[in-house]
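A structural walkthrough
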Amino acid sequence: MKTFFAVILSCAAALAQNDIRGFTVGEAQAQREREAKAHAVADAKRLRSYMEKMAAEPHIAGSPASKAVADYAAGLLRSWGLDVVIEEFEALLPYPKTRSLEMTEPTRYVAKLQEPRISEDPDSGDKNQVPTYNAYSGSGDVTGQVVYVNYGVPADYEQLKKLNIDVKGKIVLARYGQSWRGTKAKVAQENGAIGCLIYSDPRDDGFFQGDVYPRGAFRPSDGVQRGSVVDMPVFVGDPLSPGWASVKGARKLPLSEATTLMKIPVLPISYADAQPFLANLEGPLAPEAWRGSLPVTYHIGPGPATARLKVELDSETRPIYNVLATIPGSSLPDEWVIYGNHHDAWVNGAADPVSGAIAVLETARSLAELRKTGWQPKRTIKFALWDAEEFGLMGSTEWVEKHEAELHTKAVAYLNSDMNGGGANFGAGGSSALHVFMREIVRDVVKPEKLEFTMPPVGAGSDYVAFIHHSGIASVNAGFGGGSGGIYHSIYDSVHWYTKFSDRDFKSGQRLTRVMSSALLRLADAQVLPFEFRETAKAVRSYLADLSRSKELELSELNGELSKLEVSADAYEKVYAKALETPSLQTKLNRLLIESERSLLHESGLPGRPFYKNQLMAPGLYTGYSAKTLPGIREAAEANRWAEANSQAKNVAAALRALRGKLEAASALLAQ
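Residues numbered from 1 in each chain as written. Predicted model: local features only at pLDDT ≥ 70, side-chain atom pairs only at ≥ 80, totals over all residues. Heavy atoms only, no water.

**Some details on the pairing of strand E16 (residues 475-480)**
Within E16, 5 of the 6 residues are buried, which leaves the element mostly enclosed by the surrounding structure. The pairing of strand E14 (residues 411-416) with E16 spans 3 bridges and is parallel. Paired with leucine 415 across the bridge in E16 is valine 476. (Buried < 20%, exposed > 50% of the residue type's maximum accessible area, 1.4 Å probe, protein only. Helix = DSSP H or I, 4+ residues; strand = E, 2+ residues; numbered from the N terminus. Pairing = 2+ DSSP bridges.)

Structure follows, in structure tokens:
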């Protein structure tokens, strides 16, 4: 009988030959064969056909058209033999009743607030186009002098204070970029502005970048970026049901108690509508970094340009429809691997979100076809098409809140995609425990010339938020580059634009389908879940690097716990190979691995925002889409709240201690 150390050495030798984490050498070969079969199914023509159907009409969440898209997707999934349900929720989804903007001084100008039809793009003339507006804007009729605030982030207001410019009682004009749009509205409101206009400057999103649509891919002069300004860094989901699922009949907060809604009117405008206001500003010359590319001299104001802004939104609760399809697991049906993308769009949404949603559908079809050959996953696989993501991740968040107890026990991992472009570059972000796993997927499926794969933290950009930040479910957000150029959230996000300027032949969609097929197959069938924790420790070490320079921070306990975690992660790797050869230990081991990401949560959440419980990453309070690492410590330190920062450091230390406990239990199990 082999000694324990002999077993480790023999397993380590086997592992060196096996480059699919979670599988023995023998199982890895069978796994590659399964993946090849699934990859062969992915069909670019089918992807195009799904897009042509789903992006044919505007389908904003809460509308009958959005329900029609959900029904179409559900029908396809059922036709492939999958178990399908449509789960209905409801949420505050405000639509515009009144929008107007005019310059009253020193001359009169009435903003168009409308995107014109382009003859080359038939969808730009569709009926029921969604008006240009910001969801969750405050309603109001305000008049005030205009102040140009650059990107409208906190640092810009600090610059205004140095110039003795006060925005109190003024209407600010901010350009898109550098932060999430909701931040611009929130910071304007906090600084006393009575209204906020947000435009796309052509330097960032227009002719400075390249030819504009329809000649090129970039935003034309009358193009407008719609979007939500709900305060997502505080919490996501229905603003009237924070912390509980908004199913029919569930209690709702009064509108006056909703904390994530803007109080001032906010309106997105085109750069054609912004130019007259900018041309009629005086005051200091804008710093060079603040200047865009319109043919005006950029002054800050205030005035003499004076605007009258009127916005009125309804306060209707509307239905949302999540589509869930399931392939049940054979031996581990109560362990779930989930892949999702949203299906609602601001208008037609070919790039955002249909380019990603069609990959979910084709991935589901690929695995359904594989199932016909006799394969059945060990773990249950779920496919999700979420509704109302554009308003603030409504559908996915309400679903997580409804199923939170079940997910806590069953969810292994959540994979997410959103927009998928025609670029060759693949990117992914999320849980560091899945870094090595995704690096292997990139190596085997994307096959880049150089494998320089990184996995950055994630903020609040898509439907992974409730999974990773609130429920502690290991998550990855992935897709190919290319983006949506200058048509993001406009009527020009159409099949015509997408097939001319992005994924022309749908080969990128085919690649994403293959990436996600492999990821799902490996997570569903791995003997040992492919989590790896040296990358987690390495990530935390990098997050601490700049914080450690602050003399006011007390980080000795945290640094001590991180050092212990590094030792534990190394120790787990040394015995990990044994787990592949010891089936009797795998059930208990996998349970510890599933629970590992849960260890990173703190029950009370971050200061002032209890929804966000993950201690390693969160959307920044003033960045939104972008992540802040060690957010409890970092944001308190940035505000010079040192007692709070040091208290938060103890919470992070506790999270690392809890994670280390799972790893030490795993190593002890394998050392029996």
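That covers the picture; the talk isn't over yet.
**Comments concerning the sheet that holds strand E5 (residues 140-148)**
One open sheet accounts for 7 strands, arranged E3-E2-E10-E5-E6-E7-E9; its pairing is mixed. Because the sheet does not close on itself, it has two edges, and the strands there are strand E3 (109-110) and strand E9 (266-269). Note: strand E2 (residues 96-105) against E3, 2 bridges, orientation antiparallel. Residue methionine 103 lies in a different strand from E3, and its bridge partner there is tyrosine 109.

**Re the sheet that holds strand E12 (residues 332-342)**
Strand order across the open sheet formed by 7 strands is E1-E11-E13-E12-E14-E16-E15, with mixed pairing between neighbours. With one partner strand each, in any of the chains shown, strand E1 (83-92) and strand E15 (426-430) form the two edges of the open sheet. Neighbour-to-neighbour, the strand axes of the sheet open up by a mean angle of 20°, direction not taken into account. Two elements, E12 and strand E13 (residues 379-386), share 8 bridges in a ladder whose sense is parallel. Within the sheet, the bridge partner assigned to leucine 332 lies in E13 and is arginine 379. (Axes fitted to C-alpha atoms, helices over the stretch in contact; angles between N-to-C directions.)

**A word on the side chain of aspartate 123**
Mapped onto the elements, aspartate 123 comes out in the loop between E3 and strand E4 (134-135). Of the side chains with opposite charge, arginine 117 lies nearest to the buried aspartate 123, which makes no salt bridge, at 9.4 Å. Sequence-distant contacts of aspartate 123, that is, excluding residues within four places in its chain, are made with Ala55, Ala56, Gln129, Asn348, Ser494 and Val495. (Lys, Arg positive; Asp, Glu negative; His and termini not counted. Salt bridge = Lys/Arg side-chain N within 4 Å of Asp/Glu carboxyl O. Contact = heavy atoms within 4.5 Å.)

**Digging into helix H17 (residues 534-547)**
In this model H17 runs 21 Å from its N-terminal to its C-terminal C-alpha over 14 residues, within 8% of the 20 Å that 1.5 Å per residue would give. Buried within H17 are the following residues: Glu535, Thr536, Ala537, Ala539, Val540, Tyr543, Leu544 and Leu547. Where H17 is buried, its residues touch helix H13 (435-446), helix H18 (556-580), strand E18 (627-629), helix H20 (631-638) and helix H21 (642-670). (Expected span 1.5 Å × (residues − 1).)

**Here's the deal with the pattern of salt bridges**
For the structure shown, the criterion picks out 45 salt bridges. In this structure, the salt-bridge partner of arginine 318 is aspartate 314, at a minimum N-O distance of 2.9 Å. Both residues of the pair, arginine 318 and aspartate 314, count as buried. A salt bridge links arginine 522 to aspartate 444; the shortest N-O distance between them is 2.9 Å. Remark: aspartate 444 occurs in helix H13 and arginine 522 occurs in helix H16 (residues 507-525); sequence separation between them is 78 residues.

**Observations concerning the packing of aromatic side chains**
Evaluation of the coordinates by the stated rule reveals 21 aromatic pairs. On the numbers, 6.2 Å between centres and 75° between planes, the contact of tyrosine 213 with phenylalanine 501 is edge-to-face. A residue pair is termed long-range when its members are at least 10 positions apart, and tyrosine 213 in the loop between helix H7 (202-205) and strand E8 (227-228) and phenylalanine 501 in helix H15 (residues 495-501) qualify at 288 residues. Of the residues examined, phenylalanine 501 reaches a relative accessible area of 21% and is grouped as partly exposed. (Phe/Tyr/Trp six-rings, centres within 6.5 Å; stacked < 30°, edge-to-face > 60°.)

**Describing empty space enclosed by the protein**
This model, assessed by the stated rule, comprises 2 cavities of 30 Å³ or more. Volume-wise, the largest cavity comes out at about 110 Å³. In terms of lining, the largest cavity is formed by 15 residues, of which the most central are Ser432, Thr536, Glu597, Leu600 and Leu616. At 4 residues, H17 tops the list of elements feeding residues into the lining of the largest cavity. Class assignment for the residues of the lining of the largest cavity results in 9 nonpolar, 5 polar and 1 charged. (1 Å grid on protein atoms, 1.4 Å probe; cavity = no way out; pocket = protein on both sides within 12 Å on 5 of 7 lines; lining within 4 Å. Points joined across faces, edges and corners; volume = space filled by probe spheres on them. Nonpolar A, V, L, I, M, F, W, Y, C, P; charged D, E, K, R; others polar.)

**Looking at the packing of helix H9 (residues 350-371) against H16**
One way to put it is that H9 packs onto H16 with a least axis distance of 9 Å and a crossing angle of 55°. Taken together, H9 and H16 sit at an angle that is classed as oblique. Note that H9 runs across H16; the crossing there is right-handed. Seen from H9, the contacting residues are Ala359, Glu362, Thr363, Ser366, Leu367 and Leu370; seen from H16, they are Gly509, Leu512, Thr513, Met516, Ser517, Leu520 and Leu521. Taken together, the residues that form the contact of H9 with H16 break down as 7 nonpolar, 5 polar and 1 charged. (Parallel < 35°, antiparallel > 145°, perpendicular 65-115°, else oblique. Left-handed = near helix turned anticlockwise from the far one by under 90°.)

**Let's talk about the packing of H20 against H21**
Working note: a packed helix pair is described by the angle between its axes plus the distance between those axes. Here H20 crosses H21 at 170°, and the two axes come no closer than 8 Å. For the element pair H20 / H21, the angle class is roughly antiparallel. Along the contact surface, H20 presents Gly632, Ile633, Ala636 and Ala637, while H21 presents Trp642, Glu644, Ala645, Gln648, Ala649 and Val652. Tallied by class, the residues present in the contact of H20 with H21 amount to 7 nonpolar, 2 polar and 1 charged.

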